[in-house]
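Chains, contacts and geometry: an overview
Residues per chain are reported as follows:
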Amino acid sequence: MTKSAQLFQQARRTIPGGVNSPVRAFAGVGGDPVFMERADGAYIFDADGKAYIDYVGSWGPMILGHNHASIREAVVDAAQRGLSFGAPTESETTLSELVAELVPSMEMVRMVNSGTEATMSAIRLARGYSKRDKFIKFEGNYHGHGDCLLVKAGSGALTLGEPNSPGVPADFAKHTLTCTYNDLDSVRQTFETYPDEVACIIVEPVSGNMNCVPPQPGFLQGLRALCDEFGALLIFDEVMTGFRVALGGAQAYYDVKPDLTTLGKIVGGGMPVGAFGGRRDVMEYLAPTGPVYQAGTLAGNPVAMAAGFACLSELRQPGNHDYLNSVTKQLADGFKALADKHGIPLATNRAGAMFGFFFTDQDTVTCFKDVQQCDTERFKRFFHLMLEQGIYLAPSAFEACFTCLAHGQKEIDATLAAADHAFATL
Ligand SMILES: Cc1ncc(COP(=O)(O)O)c(CN[C@@H](CN)CCC(=O)O)c1O
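Residues numbered from 1 in each chain as written. Predicted model: local features only at pLDDT ≥ 70, side-chain atom pairs only at ≥ 80, totals over all residues. Heavy atoms only, no water.

By the naming in an unreviewed UniProt entry, the chain goes by Glutamate-1-semialdehyde 2,1-aminomutase and is assigned to Salinivibrio costicola subsp. alcaliphilus. The UniProt entry for the chain carries this comment under Subcellular location (unreviewed entry): "Cytoplasm". The Subunit (unreviewed entry) comment attached to the chain in UniProt states, word for word, "Homodimer." (UniProt positions renumbered as here; feature names shortened; annotations may be inferred.)

**Description of the site of the ligand**
Taken together, the neighbourhood of the ligand is formed by 17 residues, with Ser-21, Thr-116, Asn-209, Asp-237 and Glu-399 sitting nearest. Contact between the ligand and Ser-21: an oxygen atom at 2.6 Å from a side-chain N or O atom of the residue. Contacts to the ligand include Gly-115, whose backbone N or O atom sits 3.0 Å from an oxygen atom. Within the complex, the protein chains bury 87% of what would otherwise be the 530 Å² of accessible surface of the ligand. (Near = heavy atom within 4 Å. Polar contact = N/O pair within 3.5 Å; in protein donor to acceptor, adjacent residues only side chain to side chain. Areas by Shrake-Rupley, 256 points an atom, 1.4 Å probe, with all protein chains shown as cover.)

**Quick notes on empty space enclosed by the protein**
Evaluation of the coordinates by the stated rule reveals three cavities of 30 Å³ or more. By volume, the largest cavity amounts to about 70 Å³. For the lining of the largest cavity, the secondary structure elements donating two or more residues are strand 12 (354-358) and helix 14 (376-388). Looking at the second largest cavity, its volume works out to about 60 Å³. Forming the boundary of the second largest cavity are 14 residues, of which Asp-54, Gly-57, Met-62, Phe-402 and Cys-404 lie nearest the centre. By residue class, the composition of the lining of the second largest cavity is six nonpolar, six polar and two charged. (1 Å grid on protein atoms, 1.4 Å probe; cavity = no way out; pocket = protein on both sides within 12 Å on 5 of 7 lines; lining within 4 Å. Points joined across faces, edges and corners; volume = space filled by probe spheres on them. Helix = DSSP H or I, 4+ residues; strand = E, 2+ residues; numbered from the N terminus. Nonpolar A, V, L, I, M, F, W, Y, C, P; charged D, E, K, R; others polar.)

**A short note on the pattern of salt bridges**
A complete count under the given rule lists 15 salt bridges for this structure. The partner of Glu-101 in a salt bridge is Arg-316, with the nearest N and O atoms 2.5 Å apart. Of this pair, Glu-101 sits in helix 3 (residues 90-102) while Arg-316 sits in the loop between helix 11 (302-315) and helix 12 (320-341), placing them 215 residues apart in sequence. Residue Lys-336 pairs with Asp-340 through a salt bridge whose shortest N-O separation is 3.2 Å. Taken together, the residues span about one helical turn, with Lys-336 and Asp-340 both in helix 12 at a distance of four residues. A residue is classified by how much of its surface remains accessible, and Lys-336, at 30% relative accessible area, is partly exposed. By relative accessible area, Asp-340 is classed as partly exposed at 46%. (Salt bridge = Lys/Arg side-chain N within 4 Å of Asp/Glu carboxyl O. Buried < 20%, exposed > 50% of the residue type's maximum accessible area, 1.4 Å probe, protein only.)

**Digging into the pairing of strand 10 (residues 274-278)**
Within strand 10, five of the five residues are buried, which leaves the element mostly enclosed by the surrounding structure. With burial as the criterion, each face of strand 10 is covered, one bearing Gly-274, Phe-276 and Gly-278 and the other bearing Ala-275 and Gly-277. Judged from the five bridges that link them, strand 4 (residues 108-112) and strand 10 form a sheet pairing that is antiparallel. If you follow Val-109 over to strand 10, its bridge partner there is Gly-277. Relative to strand 10, strand 9 (residues 260-263) runs antiparallel, the two sharing four bridges. Residue pairing across strands places Thr-262 opposite Phe-276, the latter belonging to strand 10. (Pairing = 2+ DSSP bridges.)

**Some remarks on the sheet that holds strand 14 (residues 401-402)**
Spatially, the three strands line up as an open sheet ordered 11-12-14, and their pairing is antiparallel. Edge positions in the sheet fall to strand 11 (347-351) and strand 14, since each has one partner strand and no second. Two strands pair when backbone bridges link them, and strand 12 and strand 14 are joined in this way by two bridges, in the antiparallel orientation. Bridging from a neighbouring strand, Met-354 pairs with Phe-402 of strand 14. Helix 12 rests against strand 11 and strand 12 of the sheet, and its axis sits at about 175 degrees to strand 11. (Contact = heavy atoms within 4.5 Å. Axes fitted to C-alpha atoms, helices over the stretch in contact; angles between N-to-C directions.)

The following block contains the structure:
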C-alpha cells in the first residue's frame with residue numbers, strides 16, 4: 001500500500017471523506033485522492049515522492065508557482081512579529097490600497113477569510129443597501145457554499161450531483177433566481193418578473209466552475225445595462241478570475257465596471273484571504289460605518305496580508321500576464337491539435353491564465369447545458385492517464401486548469417507529450 005493510500009485510510013476516520021473540501025476527494029474522477037506533501041515551482045510532490053506538473057495550483061492561488069521565495073520570506077518575516085492581534089494593522093491598509101490600485105472599481109475593500117465569506121457578505125450588503133431580497137445567479141456558476149448560493153451551483157456541488165444541497169431551507173433558496181449563462185433574455189425576463197425585487201446579479205465574469213466558459217461578446221456589458229435599467233447592483237465574483245484573467249481581473253479584460261467585486265485565492269497568495277469591495281457609497285453601508293453587519297476574528301490577518309501583498313507585488317511585474325497568456329494558449333491549442341490528431345472530439349476555452357477542455361463534438365461550449373452534454377466518463381479516463389504520467393489536472397470535468405509563471409517550455413512539452421499518449425490510449 002502506498003503512503004498516500006495509508007494516509008487516506010487514516011484521514012477518513014476523523015475527517016468526512018478524508019478531505020476538508022469535497023472536490024479534493026476524487027469523487028468526480030474515481031479512485032482515491034493523492035495525498036501531497038510539498039510543492040515547488042510548477043511541481044507538487046505526493047507522499048510517496050512522485051512529482052507532478054501542477055495545473056490545480058491550490059485551485060488558483062499559486063499563480064507565481066509554489067513556494068515562491070518572496071511570499072515565503074514575507075510570511076516568515078510577518079510571523080516573527082506575531083500571528084494575529086485582533087486589532088487594526090498597517091498591513092491591511094497596505095494590501096487594500098494595492099487591491100484598489102489594481103482593481104480601480106474597488107474604491108473600498110473589506111478583508112475576509114475565504115471567497116465564500118466574500119460572496120455571502122457582498123450579497124448581504126447588496127440586499128441591505130437596496131432593501132431588496134432577491135438576487136440573480138447563473139446555472140453552473142459557483143460562488144462558495146453560502147446557504148443562498150447553493151442553488152444549481154457549479155464546482156463541487158455539480159460534480160457531486162447535488163446542485164440543491166440538503167440543509168438549505170426552501171425559504172433561503174426562494175430568493176435566489178437562477179438564469180442561463182450567456183443568455184441576456186433569461187435575465188431580462190427575470191427582472192421583468194420581479195421588477196423591484198432584485199438586489200443584485202452575481203456572476204463569474206469568466207465561468208470556471210462549470211469548467212472554463214468565457215462570456216460571449218456583449219454578455220457582461222448587457223448585465224451592466226440591465227442592472228442600471230432595473231436599479232440592481234452588479235457583483236463580479238472574481239474569486240477565481242481576479243488577477244488571473246488579467247492583472248485587473250476579468251473586469252479589466254472585458255472593460256465592464258461592476259458595483260461590487262469579490263476576491264479570494266490569488267489575493268491571499270496561498271493564505272486564507274477573501275475580500276469584497278467596490279463603490280464607496282455602497283461599501284460605507286457596511287458596519288461599523290453603516291447598518292449591514294459583517295465581521296471576522298482573523299479577517300485581515302497580518303501574516304495573510306503579507307502573503308497577499310508579496311504575491312500581487314510580484315505578479316504585477318511587466319510581462320507576467322503576457323507570459324501567462326502565451327503558456328495558456330500553447331496548452332489549449334496543443335490539447336486541441338493532439339485531440340484532432342487522434343480523432344477525439346474536443347472543445348477548448350481559455351481566458352488569461354485559465355483554460356478548459358471538453359470531450360464533446362459541439363463546436364462551442366457556452367453554458368451549463370452545453371457542459372452537461374460533454375463526455376465525463378472520457379474525462380475520467382483522460383484524467384487518470386495524465387495522473388499516471390505525472391500531470392496533475394483538476395479532479396473534475398467541471399473545473400478549469402490554471403497556469404502559473406513557473407510553467408516553462410519543459411513543462412509545456414512534457415504535458416503535451418503526456419496528452420498525446422493519453423489521447424492515443426483513450
Ligand atoms: C468563483 C468562485 N467564487 C467563490 C468560491 C469560494 O471560495 P472559497 O470559499 O473556496 O475560498 C470559489 C471556489 N472555487 C473552488 C474551485 N472551483 C474551490 C475549490 C474547493 O471548493 O475546494 C470560486 O471558484
